[in-house]
Amino acid sequence: MKLLVKTKDKTYPIYFGENNCFKINKILKRNNINPNKLMVIYDKNIPKKIISKFKNRIKKNENIFLGVKFNEKVKNLNTVKKILNILGKNNFSRNDYVISMGGGIAGDICAFAASIYKRGLKFVNIPTTLLSQVDSSIGGKTGVNNFLGKNMIGTFCQPDAVVVDIIFLNSLPKREMICGYAEILKHSLISDKKFFVFLKNNFKSILNLKKKIIKKTIFSSCKIKRTIVEKDERESSLRKTLNYGHTFAHAFESSLGYTNRLNHGEAVLLGILAASKFSNKENLLPKDELRLIENHLGELKYNNLKLFFKKKNIKKILDFMIKDKKNNSKNINLILLKRIAKPVLNNTYSKIKLKKFLSSLIDK
Ligand SMILES: NC(=O)c1ccc[n+]([C@@H]2O[C@H](COP(=O)([O-])OP(=O)(O)OC[C@H]3O[C@@H](n4cnc5c(N)ncnc54)[C@H](O)[C@@H]3O)[C@@H](O)[C@H]2O)c1
């Protein structure tokens, strides 16, 4: 199965399958990718068996393999510099390729390095987490963190090809599956009610990796993101809807200091809960649809903010919401839902209003 992403800069394929990463040579050839040199940067948490099989299958030319223990702490300019130095020392030219094999962190760093080396090297992404397969590998956002915050330095640069292979999910921790599921759920809520109902009926099979269901889910989710990115590559309007629940989510995870108690995907589920409840409070999302969303979040065990936050956290949450890089003013910008699959943009709310709202969820 294949999807094409058509952006102003380029059109590129996303290949879907099982064990298709080992057909990398065929994929490169089919896309007229014929580099002299390849640098494959992989996440060290991927099973060694997969890495060595991949090494054996890839075109025999001047290949460099670099294994990295990717995490948010190494998502910075030092890692980018390391990659650029290796590319430079090995005389990589603009026709050579960087291949990222890893989650969203690996993809964001490698794509950023590829986009700035000699003003742009070719790039293939092999996403290995559910989140990166359904979300971060599509759309061309690249970047790293700095002292000001997450993803503060980056570029828009579309890959040349993406290879989504479900074999990587077998070794993925269950909590990481939830992270990916949160983004899939968000995609359904902002654009496809039928898909939302499918998720509600099949979430257990998805999280347990039932092949037919997980394949369908990944494909449908990518299709949604593809359509949005094609219409608004640079996030001037429609693409902002992908931030549904995320202003709350970023503030939730930041206010707890990014602890293991609440990871990003879990924060997104709570963010979806808060954004949906707030949409209803603002007389947008009807009560029956809010109930559907709340019930599903309950099935996933993320329908109660009180389990994670206390009254004393509210001030910090609000401070982080104000600081969100998507805000231009002192007010807080939120993506809300008028109905499931009908998002509304450009709603700004005062800190006082949101304080009252958060208090009603956390402090009662
Ligand atoms: N560019 C975008 O549009 C975009 C969109 C959403 C998120 N992001 C970024 O993506 C990042 C999060 O991505 P993520 O959730 O994939 O996190 P991640 O890359 O940290 O991966 C999660 C964990 O899974 C491990 N891992 C990766 N593949 C594995 C495998 N096959 N088996 C076992 N373990 C494996 C990693 O080592 C890591 O510990 C964040 O930095 C976020 O900013 C980018």
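Every chain begins its residue count from 1, and numbering advances along the sequence as written. Given that this is a predicted model, residues contribute local features only at a pLDDT of at least 70 and side-chain atom pairs are listed and counted only at 80 or more, while totals for whole chains, interfaces and linings are drawn from all residues.

(A) Geometry of the overall build of the protein chain. Helix and strand labels come from DSSP, where a helix needs a run of H or I of at least four residues and a strand needs a run of E of at least two; each type is numbered from the N terminus. For the protein chain, the count of helices and strands is 13 helices and 11 strands. Each radius of gyration is computed over the set of C-alpha atoms, and the globule rule expresses the reference value as 2.2 Å times the number of residues to the power 0.38. Over its C-alpha trace the protein chain gives a radius of gyration of 20 Å, about what one expects of a compact globule, namely 21 Å for 364 residues. To sort residues by exposure, count the other C-beta atoms lying within 10 Å of each residue's C-beta; 20 or more gives buried, 12 or fewer gives exposed, and values between give partly exposed, all with C-beta atoms placed from the backbone. Per-residue burial over the protein chain gives 43% buried out of 364 residues. Partitioning the contacts of the protein chain with sequence separation of at least 6, the portion at a separation of at least 24 is 75%. Placing a C-beta atom from the backbone of each residue, one calls two residues in contact when those atoms lie within 7 Å.

(B) Fine view of the pairing of strand E6 (residues 122-127). Burial within E6 is extensive, with six of its six residues counted as buried. Pairing analysis gives six bridges linking strand E5 (residues 97-102) to E6, with the strands arranged parallel. Considered in E6, the bridge of Gly 102 is made with Pro 127. In the classification by handedness, the crossover that spans E5, the intervening helix H4 (residues 104-116) and the parallel E6 is right-handed. The sheet contact formed by E6 and strand E9 (residues 161-165) spans two bridges and is parallel. Its bridge partner lying in E9, Asn 125 is registered against Val 162. Strand pairing is defined by DSSP finding a minimum of two bridges between the two strands. If you view a crossover with the strands going away from you and the path from the first strand over the helix to the second runs clockwise, you call it right-handed.

(C) Expanded view of the site of the ligand. As a structural note, the neighbourhood of the ligand is formed by 28 residues, with Asn 45, Gly 103, Gly 104, Thr 129 and Ser 136 the closest of them. When residues of the shell around the ligand are traced back to their parent elements, those giving at least two are H4, helix H5 (130-136), strand E8 (149-153) and helix H6 (174-191). Note that Gly is not counted as nonpolar here; it falls among the polar residues with everything else outside the nonpolar set of Ala, Val, Leu, Ile, Met, Phe, Trp, Tyr, Cys and Pro and the charged set of Asp, Glu, Lys and Arg. Taken together, the residues of the shell around the ligand sort by class into eight nonpolar, 12 polar and eight charged. Here, nearness means that the C-beta atom of a residue, built from backbone geometry, sits within 6 Å of the molecule or strand in question.

(D) Structural detail: the domain arrangement of the protein chain. What counts as a domain boundary in this text is fixed by an automatic or database domain assignment. Its domain assignment divides the protein chain into domain 1 (2-171) and domain 2 (175-362). One C-alpha centre belongs to domain 1, the other to domain 2; they are set 27 Å apart. Counting residues at the interface gives 22 residues for domain 1 and 23 residues for domain 2. The leading source of residues in the side of domain 1 that touches domain 2 is H5, at five residues. For the side of domain 1 that touches domain 2, the residue count by class is 12 nonpolar, seven polar and three charged.

(E) Summary view of the packing of helix H3 (residues 77-89) against H4. Where H3 contacts H4, the two axes come as close as 9 Å, and the packing angle between them is 50°. Considering the angle they form, H3 stands oblique to H4. Crossing of H3 over H4 shows right-handed handedness. Residue-level contacts link Thr 79, Val 80, Ile 83 and Leu 84 of H3 to Ile 109, Cys 110, Phe 112 and Ala 113 of H4. For the contact of H3 with H4, a count of residues per class yields seven nonpolar, one polar and no charged. In this analysis, axes come from line fits to C-alpha atoms, helices being fitted only over the stretch in contact, and the angle between any two N-to-C directions falls in the range 0 to 180 degrees. The scheme is simple: roughly parallel for angles under 35 degrees, roughly antiparallel for over 145, roughly perpendicular for 65 to 115, oblique for anything else. For a crossing to be left-handed, the near helix must be turned anticlockwise from the far one by less than a right angle; the clockwise case is right-handed.

(F) Main features of the confidence of the model for the protein chain. Confidence scores per residue from the predictor, reported as pLDDT, run from 0 to 100. Predicted confidence across the protein chain gives a mean pLDDT of 93, with 98% of residues reaching 70 or more. The least confident element of the protein chain is E8, whose mean pLDDT is 84; the most confident is helix H7 (residues 193-207), at 98.

(G) Structural context of helix H8 (residues 211-231). To estimate how far a helix should extend, the number of its residues minus one is multiplied by 1.5 Å. The terminal C-alpha atoms of H8 lie 31 Å apart, and with 21 residues this matches the ideal 30 Å at 1.5 Å per residue to within 8%. Among all positions of H8, only Ile 214, Thr 217, Ile 218, Ser 221, Cys 222, Ile 224, Lys 225, Ile 228 and Val 229 are buried. Looking straight down H8, one finds its buried side chains confined to an arc of 155°; they lie on one side. Residues of H8 that are exposed and point more than 90 degrees away from the buried face comprise Lys 212 and Lys 231. When we speak of the arc, we mean the arc of directions from the helix axis to the C-beta atoms.

(H) Examining the packing of H7 against H8 more closely. Interhelical geometry of H7 versus H8 gives an angle of 140° and a closest axis separation of 10 Å. In terms of orientation, H7 and H8 fall into the oblique class. Taken as a pair, H7 and H8 cross one another with a handedness that is left-handed. Where H7 approaches H8, its residues Phe 195, Asn 202, Ser 205 and Ile 206 are matched on the opposing element by Ile 213, Ile 214, Thr 217 and Ser 220. Here the residues of the contact of H7 with H8 sort into four nonpolar, four polar and no charged.

(I) View of the sheet that holds E9. Strands sit in the order E1-E2-E9-E6-E5-E3-E4 across an open sheet of seven strands; the sheet is mixed. On the outer flanks of this sheet lie strand E1 (2-6) and strand E4 (62-68), each paired with one strand and no other. For this sheet the average axis-to-axis angle between neighbouring strands, irrespective of direction, equals 15°. Direction of pairing for strand E3 (residues 37-43) relative to E5: parallel, over a ladder of five bridges. Across the sheet, residue Tyr 42 finds its bridge partner in E5, namely Met 101.

(J) Fine view of the nonpolar core. With 97 residues, the main nonpolar core has Val 98, Cys 110, Ala 113, Leu 189 and Leu 270 as its most contacted residues. When residues of this core are assigned to domains, at least three map to each of domain 1 (2-171) and domain 2 (175-362). Note on terminology: a nonpolar core is a set of buried residues of type Ala, Val, Leu, Ile, Met, Phe, Trp, Tyr or Cys, with members joined through C-beta atoms within 7 Å.

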